[in-house]
Amino acid sequence: MASTNIQPNFNNSTQFIAGWYWALPSKKLKVGKVKPVTLLGRNLAIYRGFNGEVKAVDAYCPHMGAHLAEGKVEGDSIRCFFHNWKYDATGKCVDIPSLEKPLPVCIKTWETAEKYGMIWVWVGENKPEQLPFIPELEQVECDYMLGTKFIKNCHPNVLLINAIDAHHFNTVHNLPLEIVFDTQTLNNHAITFSNTTRGGNDSWFIRLIQPLYKKEVTYSMCYWYGSTGTVTLGPDFLHFYIIFTLRMIEGGKTEGQTILITPKRHGIFGKLINLILLWLTQRVGNYFAKGDTQVFETIKFNLQTPTKADQSILQFIHHVNQQKSLKWETWQTVDDINSKNIQTQFQPNLLEYKEHEFKV
Ligand code: FES
Ligand SMILES: [Fe+2]
């Protein structure tokens, strides 16, 4: 294979990691309705059957190419608007009104799931793997609220590393705390970075918050498929949870959505408390999102000169580059030969941070 074909996944606008991607909020797709969704360059029709289940299919009808989101949901099937061919839940054509028997054609279907108020689509040829979750809340029933939807002028990978860019917490967000991350791999698609420091006594802010933390200050980020990040932060007695779920759009830019989460509390007071907590969570998320906005409009990401504080970023880049990827728009698998070459080519540089000698 020519070396010009070898491309790492990180910050790459032509390919992305096979995984779960958000498509649209659950609330926006009522029973019996169909919506057009463009996901990672590919056009889909996503509908909710009368049994409540969500189906995602390739958009274009194999008869003449009409967009199936113009069509009509019937039971758990979809009927094309143009000449009324009907496709069942598995994508098989089951009725052609002008013919006695349907033709052996089908539309490609994609696995879907609903979680945290969002419809997710599994983009990949293999069996779906785990949906993104917050490690602390894996087995916990939760309340959630969709937060802000946003577009950013940079790649999702670049936006996500902001949460583990240790140094910028001081320079941009004025946090007088040295954050040092410990890394834990959950599985091939999920990696967690957790703060290990408690902070010094030289700052009034740290002295103020220290009683709230028995050990280190809780701040951790779990990345899924290089595109969804789940944040856990707050004092020991109250953790806030925010999901930043991103997807790449045309030109390697980002379309994202925040999801605010809190463990379910029962009763009328529980509901009220959760409403307040979710509102507070949104404030916390917005505070951190705001400070960086300008940078992501103009950045041309190129980590040429990593310092010790950038170690976590290098680890994330390595984690992203190791995962299987698909081509933008066609969703074809980027072949294994390429991936192996990427590992041997890029691993040594990325795994180890080396102090640079600065020359005058
Ligand atoms: S284009 Fe869909 S039935 Fe003809
Ligand atoms: Fe930031």
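Residues numbered from 1 in each chain as written. Chains lettered and ligands numbered in written order. Predicted model: local features only at pLDDT ≥ 70, side-chain atom pairs only at ≥ 80, totals over all residues.

A.B. asks: Report on the domain arrangement of the protein chain, specifying residues and quantitative values.
C.D. replies: Each domain of the protein chain was delimited in the assignment, giving domain 1 (27-123) and domain 2 (135-315). The partner domain 2 presents 7 residues to the 5 residues of domain 1 that form the contact. Residue classes in the side of domain 1 that touches domain 2 are distributed as 4 nonpolar, 1 polar and no charged. (Domains from an automatic or database assignment. Contact = placed C-beta atoms within 7 Å. Nonpolar A, V, L, I, M, F, W, Y, C, P; charged D, E, K, R; others polar.)

A.B. asks: I'd like a description of helix H4 (residues 267-292), backed by residues and values.
C.D. replies: The terminal C-alpha atoms of H4, which comprises 26 residues, lie 39 Å apart, in line with the 38 Å expected from a rise of 1.5 Å per residue. Check the buried side of H4 and you find it contacts strand S13 (142-152), strand S18 (240-249) and strand S19 (253-263). (Helix = DSSP H or I, 4+ residues; strand = E, 2+ residues; numbered from the N terminus. Expected span 1.5 Å × (residues − 1).)

A.B. asks: Tell me about the nonpolar core, and name the residues and values.
C.D. replies: Core analysis: the biggest nonpolar cluster contains 74 residues, and Tyr21, Ala23, Ala45 and Ile164 have the highest contact counts within it. Broken down by element, this core gets its largest block of residues, 7 residues, from S18. Inspection of this core shows a minimum of three residues originating in each of domain 1 (27-123) and domain 2 (135-315). In contact with Tyr21, other than residues within four places in its own chain, are Leu39, Leu40, Trp120, Val121, Val123, Ser227 and Arg247. (Core = buried A, V, L, I, M, F, W, Y, C linked by C-beta atoms within 7 Å. Buried ≥ 20, exposed ≤ 12 C-beta atoms within 10 Å, placed from the backbone.)

A.B. asks: Tell me about the pairing of strand S2 (residues 19-25), and name the residues and values.
C.D. replies: Counted residue by residue, S2 has 5 buried out of 7 residues, so it is predominantly covered. Relative to strand S12 (residues 118-123), S2 is paired through 6 bridges, and the arrangement is antiparallel. Directly across from Gly19, in S12, lies its bridge partner Val123. (Pairing = 2+ DSSP bridges.)

A.B. asks: Account for the sheet that holds S2, naming residues and giving values.
C.D. replies: The strand order across the open sheet built from 3 strands is S2-S12-S11, with neighbouring strands paired in antiparallel fashion. At either margin of the open sheet sits one strand with a lone partner, and together these are S2 and strand S11 (112-115). The average angle at which neighbouring strand axes cross in this sheet is 35°, direction not considered. Bridging between S11 and S12 involves 4 bridges; their strand directions are antiparallel. Paired with Thr112 across the strands is Val121, a residue of S12. (Axes fitted to C-alpha atoms, helices over the stretch in contact; angles between N-to-C directions.)

A.B. asks: Can you lay out unusual backbone geometry for me, pointing to particular residues and giving the numbers?
C.D. replies: Generally, phi is negative for residues other than glycine and the peptide bonds are trans, each holding for most cases. Even without being a glycine, Leu40 presents a positive backbone phi close to 50°. Following the sequence through the fold, Leu40 ends up in the loop between strand S3 (34-39) and strand S4 (42-48). Since 20 C-beta atoms lie within 10 Å of it, Leu40 is described here as buried. With a phi close to 60°, Trp331 is a non-glycine residue in the positive phi region. Its place among the elements puts Trp331 in the loop between strand S20 (325-327) and helix H7 (336-351).

A.B. asks: Lay out the sheet that holds strand S6 (residues 72-74) in plain terms, naming residues and giving numbers.
C.D. replies: The pairing of strands in a sheet happens through backbone hydrogen bonds and is either parallel or antiparallel. Taken in spatial order, the 4 strands of this open sheet run S6-S7-S8-S9, and their pairing is antiparallel. The open sheet terminates on both sides in strands that have one partner only, identified here as S6 and strand S9 (93-95).

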